[in-house]
Amino acid sequence: MAGMRSFEELIAEAEAVPTDGWDFSWFEGRATEARPSWGYQRSMGERMAAAGAALDIQTGGGEVLAGVPERPPVCVATEAWPPNVAKATARLHPLGTVVVAAPEEPPLPFADDAFDLVVSRHPVKPYFEEIARVLRPGGTYFAQHVGPASVFELVEYFLGPQPEETRNRRHPDRERTRAEAAGLEIIDVRTERLRMEFYDVGAIVHFLRKVIWMVPGFTVAAYLPRLEELHEQIGAEGPFVAHSTRTLFEAGKPK
């Protein structure tokens, strides 16, 4: 069992695991996270089946888009990180989807009114002006965003208490205001708080290596004493519990 293994073994294993793509299967038996009630991939698939041209922004390794049963005649994905570009290309090209290497920041490399559906699962930041620009009149933006103060039990374990401005950076009310300022009309915005459990310190190390914005600049060497304390804490008290927040965000471009 992972909980009976030494600190050194768990750390060495976690540091050796590749971090490209958004495949979280390595965490099976090591960590759990509840899923939002709305079933984003299923709902996204329903909208994809009805679209003529769709764009998936920041597709990662293409895992979510690849799981959609029916894609539109024109389907494009963007990704910034080179290892993920390669992974998404290998996964999505056989499915008829073009992967474009593009930075996360504007502009998107597409003409105005190019798509009737734009989707994104966990974008680093939604640039609503660009989303509105590439959407056709009557088109829809459908996304699952990371919500405010997500997994902050873990963030604050390493970084200490965070200011309210940081905790509320991804607040759905702020995103709603920005989307409306870009000319989009809100269809649906809802947020859920979801329980996470980490069963060993290796799972936490791999998570922080993979989701690099949680604890910027995280390395085992930089946080070794805190990691050793965490290993002891999990051994004595059981899983480290945190809570993710997820926001379903749907908005339309007026006709």
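Since the model is a prediction, treat every value here as computed from it, not as a measurement.

1. Some points on the overall build of the protein chain
Next, step 1: Helix and strand content of the protein chain: 10 helices and 8 strands.
Next, step 2: Taking 2.2 N^0.38 as the reference for a compact globule, 255 residues should give roughly 18 Å; the C-alpha atoms of the protein chain span a radius of gyration of 19 Å, in line with that estimate.
Next, step 3: The principal-axis extent of the C-alpha atoms belonging to the protein chain is close to 60 × 40 × 30 Å.
Next, step 4: Burial status across the protein chain gives 48% buried among its 255 residues.
Next, step 5: Within the protein chain, residue pairs in contact and separated by at least 24 positions form 69% of the contacts whose partners lie at least 6 positions apart.
Next, step 6: Carbon and sulfur atoms provide 54% of the accessible area of the protein chain, an area that totals close to 11900 Å².

2. Focus: helix H10 (residues 224-237)
Along an α-helix, residues three or four positions apart point the same way, because every turn accommodates 3.6 residues.
Next, step 1: An ideal rise of 1.5 Å per residue puts 20 Å on 14 residues; H10 measures up with 20 Å between its terminal C-alpha atoms.
Next, step 2: Of all the residues in H10, the buried ones are Leu-227, Leu-230, His-231 and Ile-234. The arc enclosing the buried residues of H10, seen along the axis, measures out at 105°, which places them on a common side. Turned more than 90 degrees away from the buried face of H10, the exposed residues are Glu-232, Ala-236 and Glu-237.
Next, step 3: Each element contacted by the buried residues of H10 is listed here: helix H1 (7-16), helix H6 (152-159), strand E7 (185-198), helix H9 (201-210) and strand E8 (240-252).

3. Concerning a nonpolar patch on the surface
Next, step 1: A cluster of nonpolar side chains, Val-124, Ile-212 and Trp-213, forms an exposed patch at the surface whose accessible area comes to about 260 Å².
Next, step 2: Checked against the element boundaries, Ile-212 lands in the loop between H9 and H10.

4. Describing the pattern of salt bridges
Next, step 1: Taken as a whole and judged by the stated rule, the model has 19 salt bridges.
Next, step 2: When the shortest N-O distance is used, the salt bridge between Arg-133 and Glu-130 registers 2.9 Å. Residue Arg-133 and its partner Glu-130 are located together in helix H5 (residues 128-134), separated by 3 residues, close to a single helical turn.
Next, step 3: With relative accessibility at 22%, the residue Arg-133 sits in the partly exposed group.
Next, step 4: The salt bridge involving Glu-153 is made with Arg-193; its shortest N-O contact spans 3.2 Å. With Glu-153 in helix H6 and Arg-193 in strand E7, the pair connects residues that are 40 residues apart, well separated along the chain.
Next, step 5: On the basis of relative accessibility, which here comes to 26%, the residue Glu-153 falls in the partly exposed class.

5. A closer look at the nonpolar core
Next, step 1: By size, the foremost hydrophobic cluster in this structure holds 32 residues, and its most contacted members are Phe-158 and Phe-207.
Next, step 2: Counting only elements with at least two residues in this core, the list comes to H1, H6, E7, H9, H10 and E8.
Next, step 3: The biggest single contributor to this core is H9, with 6 residues.
Next, step 4: In this structure Phe-207 touches Phe-27, Val-151, Leu-154, Met-196, Phe-198 and Met-214, once residues within four positions along its chain are discounted.

6. What to know about a negative patch on the surface
Next, step 1: On the surface, a cluster of negative charge is made up of Glu-8, Glu-9, Glu-228 and Glu-232.
Next, step 2: When residues of the negative patch are traced back to their parent elements, those giving at least two are H1 and H10.
Next, step 3: Position of Glu-232 relative to the elements: it lies in helix H10.
Next, step 4: With a relative accessible area of 55%, Glu-232 lands in the exposed category.

7. Here we look at the pairing of E7
A regular strand places its side chains so that they alternate between the two faces of the sheet.
Next, step 1: Note that strand E1 (residues 31-33) and E7 share 3 bridges and pair antiparallel. The residue bridging Thr-32 from the neighbouring strand is Glu-197, located in E7.
Next, step 2: In terms of strand pairing, E7 meets E8 through 13 bridges, oriented antiparallel. Within E8, the residue paired with Ile-186 across the bridge is Ala-251.

What counts and what doesn't
Residues numbered from 1 in each chain as written. Predicted model: local features only at pLDDT ≥ 70, side-chain atom pairs only at ≥ 80, totals over all residues. Heavy atoms only, no water. Helix = DSSP H or I, 4+ residues; strand = E, 2+ residues; numbered from the N terminus. Rg over C-alpha atoms; globule rule 2.2 N^0.38 Å. Buried < 20%, exposed > 50% of the residue type's maximum accessible area, 1.4 Å probe, protein only. Contact = heavy atoms within 4.5 Å. Areas by Shrake-Rupley, 256 points an atom, 1.4 Å probe, with all protein chains shown as cover. Expected span 1.5 Å × (residues − 1). Arc of directions from axis to C-beta. Patch = residues over 30% accessible without salt bridge, like charges linked within 9 Å, V, L, I, M, F, W, Y side chains within 5 Å. Salt bridge = Lys/Arg side-chain N within 4 Å of Asp/Glu carboxyl O. Core = buried A, V, L, I, M, F, W, Y, C linked by side-chain atoms within 4.5 Å. Lys, Arg positive; Asp, Glu negative; His and termini not counted. Charge placed at Lys NZ, Arg CZ, Asp CG, Glu CD. Pairing = 2+ DSSP bridges.

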